[in-house]
Amino acid sequence: MKLQPATFRITCFVVVAFAMLLCVGNALCQASSPKFHVLAIAEKGGIHKPFVDAAKVWLAQEAVKDDFSIDYIENTDKIDDQFLSHYQLFLQLNFPPYAWTPTAMAAFQRYIEEGRGGWIGFHHATLLGEFDGYPIWPWFSTFMGGIRFTKYIPTFVSGKVIVEAPSHPAMKNLPSSFEIENEEWYTYDHSPRPNVHVLASVDENTYTPTTTIKMGDHPVVWTNEHYKARNIYIFMGHHPELFQNSFYTRLFHNSILWAAHQ
Ligand SMILES: [Zn+2]
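Rules of the game
- Residues numbered from 1 in each chain as written.
- Predicted model: local features only at pLDDT ≥ 70, side-chain atom pairs only at ≥ 80, totals over all residues.
- Heavy atoms only, no water.
- Helix = DSSP H or I, 4+ residues; strand = E, 2+ residues; numbered from the N terminus.
- Buried < 20%, exposed > 50% of the residue type's maximum accessible area, 1.4 Å probe, protein only.
- Contact = heavy atoms within 4.5 Å.
- Areas by Shrake-Rupley, 256 points an atom, 1.4 Å probe, with all protein chains shown as cover.
- Donors = N, O, S within 2.8 Å, 3.2 Å for Na, K, Ca; no water.
- Tetrahedral: all angles 85-135°; square planar, octahedral: opposite > 155°, others 65-115°.
- Pairing = 2+ DSSP bridges.
- Axes fitted to C-alpha atoms, helices over the stretch in contact; angles between N-to-C directions.
- Polar contact = N/O pair within 3.5 Å; in protein donor to acceptor, adjacent residues only side chain to side chain.
- Expected span 1.5 Å × (residues − 1).

> Describe the overall build of the chain, listing the residues and the values that go with them.
A count of helices and strands for the chain gives six helices and eleven strands. In the chain, which comprises 262 residues, the proportion classed as buried is 49%. For the chain, the proportion of contacts with a sequence separation of at least 24, taken over those separated by at least 6, is 75%. Accessible surface, the chain as shown: approximately 12900 Å² in total, 58% of it carbon and sulfur.

Written out as structure tokens, the structure is:
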């Protein structure tokens, strides 16, 4: 059967209108639904508030560029399996590994062990020991390579970070070494190296000004491949000025995409 011109025109119109509707629907869908969801536990107030505040500004820009949503919490009260199931990435923005509720600890362990999402922890995340009346969290210490916090450099020194795993996605487009200014550089009872994959370390011989607070082999960025979750610990994270260091923001950006399986 041959379509009459009028019928043909109507048919074409219906097909085009339907296609347009689909496009509009798809665009709306893309605009309202980010590619992945991030949960950030951020330390409230205290000495790291300026870092957390600067991180929030930078993360808001990243969320637009890389198409993710981000929610913040300031304690672990809400954390359980159900709550974590909404998120593909857990950011520990200078929140220490103590004073978590037992439910939050168990849910976080499952999240990491079963790879329910990725994790990036900063700075205070390795404050492993007895602090503020809380015991060490042994599971978290093992997750971080079996370490215990010993000291920090209260006077702050600059140092050169050496990239050890240039082919790792978190290190993409980074030079073989880069400068980090005025850091606190924690030391631990031993290097986590035997238990983790070290991505970068600080060369303590480049400390400016020099200090006696050193640990020798001193990893500062690493991932623990014994856990299903894609995880990265980044030591640097005291000062807000870090967000003006393009090497640091590149490392953070790369880590987000890798840990969230993007
Ligand atoms: Zn600090």
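> A description of the coordination of the zinc ion should follow, citing residues and the corresponding values.
Only His48 (NE2), His123 (NE2), Glu184 (OE) and His238 (ND1) from the protein reach the zinc ion as donors, at distances of 2.0 to 2.1 Å. Considering all four donor atoms around the zinc ion, the spread of angles at the metal, 85 to 165 degrees, places the coordination shape in the irregular class. The sequence motif formed by the donor residues of the zinc ion is H-x74-H-x60-E-x53-H. Of this pair, Glu184 sits in the loop between strand 7 (177-183) and strand 8 (187-188) while His238 sits in the loop between strand 11 (231-234) and helix 6 (246-259), and the two are 54 residues apart along the sequence. On the basis of relative accessible area, His238 is assigned to the buried category, the value being 9%.

> Outline the sheet that holds strand 4 (residues 118-122), listing residues and values.
Strand order across the open sheet formed by nine strands is 2-1-3-4-11-10-9-6-7, with mixed pairing between neighbours. Only two strands of the sheet have a single partner each, and these edge strands are strand 2 (68-73) and strand 7. For this sheet the average axis-to-axis angle between neighbouring strands, irrespective of direction, equals 20 degrees. Of the pairings in the sheet, the one linking strand 10 (residues 219-223) to strand 11 comprises two bridges and is antiparallel in character. For Trp222, the partnering residue across the bridge sits in strand 11 and is Tyr233. Running at roughly 125 degrees to strand 3 (residues 89-93), helix 4 (residues 102-113) makes contact with strand 3 and strand 4 of the sheet. Against the sheet, helix 6 touches strand 1 (36-42), strand 2, strand 3, strand 4, strand 7, strand 10 and strand 11, its axis set at about 155 degrees to strand 4.

> How would you summarise the side chain of Asn94 if you had to cite specific residues and measurements?
Within the fold, Asn94 resides in the loop between strand 3 and helix 4. What makes Asn94 buried here is its relative accessible area of 0%. Of the polar contacts made by the side chain of Asn94, one reaches the backbone nitrogen of His124; its length is 3.0 Å. Of the polar contacts made by the side chain of Asn94, one reaches the backbone oxygen of Gly237; its length is 2.7 Å. Residues within four places of Asn94 in sequence aside, it is in contact with Glu43, His48, Phe51, Val52, Phe122, His123, His124 and Gly237.

> Account for helix 4, naming residues and giving values.
Over its twelve residues, helix 4 extends 16 Å from the first C-alpha to the last, a length consistent with the 16 Å expected when each residue adds 1.5 Å. In this structure, the buried residues of helix 4 make contact with helix 3 (81-84), strand 3, strand 4 and helix 5 (138-143).

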